[in-house]
Amino acid sequence: MELTNGAYHLQGISFQSLANEFGTPLYIYDASKIVSQIQQLKIAFAGSDVRIKYAAKALTNLSILKLMRKNGIGVDVVSIQEAQIALKAGFLANEIMFTPNCVAFEEIERGVDLGLNINLDNLSVLGKFGERYGDGYPCGIRLNPHILAGGNIKISTGHSHSKFGISIQQLP
């Protein structure tokens with residue numbers, strides 16, 4: 001985004017001309033900037049066995065999801081509806097990480113039926129999953145490390161009072 005002669009532009013196109021053509025409110029995403037940021041992440045983690053996942057809850061725009069997939073980014077979803085959108089965007093089931101929180105167990109079963117990667121963050125749900133699937137379907141676990149890494153406490157998820165993840169203090 002550039003400010004030229006008092007007007008904002010993106011890739012040489014003025015925001016005003018876009019607003020005139022499409023109306024407002026108008027959401028504009030810079031694909032080249034997104035791809036540049038993806039490349040920076042890949043460079044930062046080069047040499048590591050890291051799989052980058054886009055959190056679909058941030059934005060389920062099909063074009064953005066397709067752009068992520070085209071650039072080798074997987075997707076993390078928190079609901080079956082988000083999983084269905086990711087599938088519609090072209091993600092394969094094995095590229096989708098399903099990390100539900102406070103959902104009915106039937107939704108987790110639906111994730112298994114779709115072939116999603118299941119990632120659980122609750123010991124009782126993990127126990128129920130184990131009873132239902134045994135070692136027949138793999139799942140990951142979301143740990144809460146009890147680390148507050150700065151930022152806004154209202155959106156932090158790794159601190160000791162977060163509802164997300166299995167507390168490291170609950171591990172044997």
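Refer to the preceding data block for the structure.
Computed from a predicted model, the values in this text were never measured in an experiment.

Conventions adopted
Residues numbered from 1 in each chain as written. Predicted model: local features only at pLDDT ≥ 70, side-chain atom pairs only at ≥ 80, totals over all residues. Heavy atoms only, no water. Helix = DSSP H or I, 4+ residues; strand = E, 2+ residues; numbered from the N terminus. Polar contact = N/O pair within 3.5 Å; in protein donor to acceptor, adjacent residues only side chain to side chain. Contact = heavy atoms within 4.5 Å. Pairing = 2+ DSSP bridges. Axes fitted to C-alpha atoms, helices over the stretch in contact; angles between N-to-C directions. Buried < 20%, exposed > 50% of the residue type's maximum accessible area, 1.4 Å probe, protein only. Salt bridge = Lys/Arg side-chain N within 4 Å of Asp/Glu carboxyl O.

A.B. asks: Any chance you could explain the side chain of Ser79 here in plain terms?
C.D. replies: Here Ser79 lies in the loop between β5 (74–77) and α4 (80–88). Within the local environment of Ser79, its side chain forms a polar contact with the backbone nitrogen of Glu82, the two atoms lying 3.1 Å apart. In this structure Ser79 touches Phe98 and Glu107, once residues within four positions along its chain are discounted.

A.B. asks: Whenever I open this one, the sheet that holds strand β7 (residues 117–120) confuses me. Can you help?
C.D. replies: Across a sheet, paired strands are connected by hydrogen bonds in the backbone, their directions being either parallel or antiparallel. The five strands are arranged β4-β5-β6-β7-β8 in an open sheet whose pairing can be described as parallel. Whereas interior strands pair on both sides, the edge strands pair on one side only; in this sheet they are β4 (53–55) and β8 (139–141). Each neighbouring strand pair of the sheet contributes to a mean axis angle of 30 degrees, computed without reference to strand direction. In this sheet, β8 lies alongside β7 in parallel orientation, the contact comprising three bridges. When the sheet's bridge partners are listed, Asn119 is paired in β8 with Gly140. Those strands touched by α4 are β5 and β6 (96–98), and its axis lies near 160 degrees from that of β5.

A.B. asks: Would you mind showing me how to read unusual backbone geometry here?
C.D. replies: In most cases, non-glycine residues show a negative phi, while peptide bonds are predominantly trans. Going from Thr24 to Pro25, the amide bond is cis rather than trans, its omega being 0 degrees. Here Pro25 is to be found in the loop between α1 (15–22) and α2 (31–44). In the Ramachandran plot, Gln11 falls in the positive-phi region, its phi being about 50 degrees despite a non-glycine side chain. In this fold, Gln11 is placed in the loop between β2 (7–10) and β3 (13–14). Since its relative accessible area comes to 57%, Gln11 is described here as exposed. The backbone of Cys102 shows a phi angle near 60 degrees, a positive value even though the residue is not glycine. For Cys102, the position within the fold is in the loop between β6 and α5 (105–114). Exposure remark for Cys102: the relative accessible area of 73% places this residue in the exposed category.

A.B. asks: Got a minute to help me understand the pattern of salt bridges in this structure?
C.D. replies: Opposite charge on two side chains allows them to pair when their charged atoms are near. For the coordinates displayed, the defined rule picks out two salt bridges. Residue Glu109 is joined to Arg132 by a salt bridge in which the shortest nitrogen-to-oxygen separation is 3.2 Å. Here Glu109, found in helix α5, pairs with Arg132, found in helix α6 (residues 123–133); they are 23 residues apart in sequence, far enough to count as distant. Look at Glu109 and you get partly exposed, because its relative accessible area is 21%. Judged by its relative accessible area of 47%, Arg132 is partly exposed.

A.B. asks: What exactly am I supposed to notice about the environment of Pro138 here?
C.D. replies: Positionally, Pro138 belongs in the loop between α6 and β8. Pro138 sits 21 residues away from Asn117 along the chain, and the two C-alpha atoms are 7.7 Å apart. Excluding anything up to four places from it in sequence, Pro138 contacts Ile118 and Phe129.

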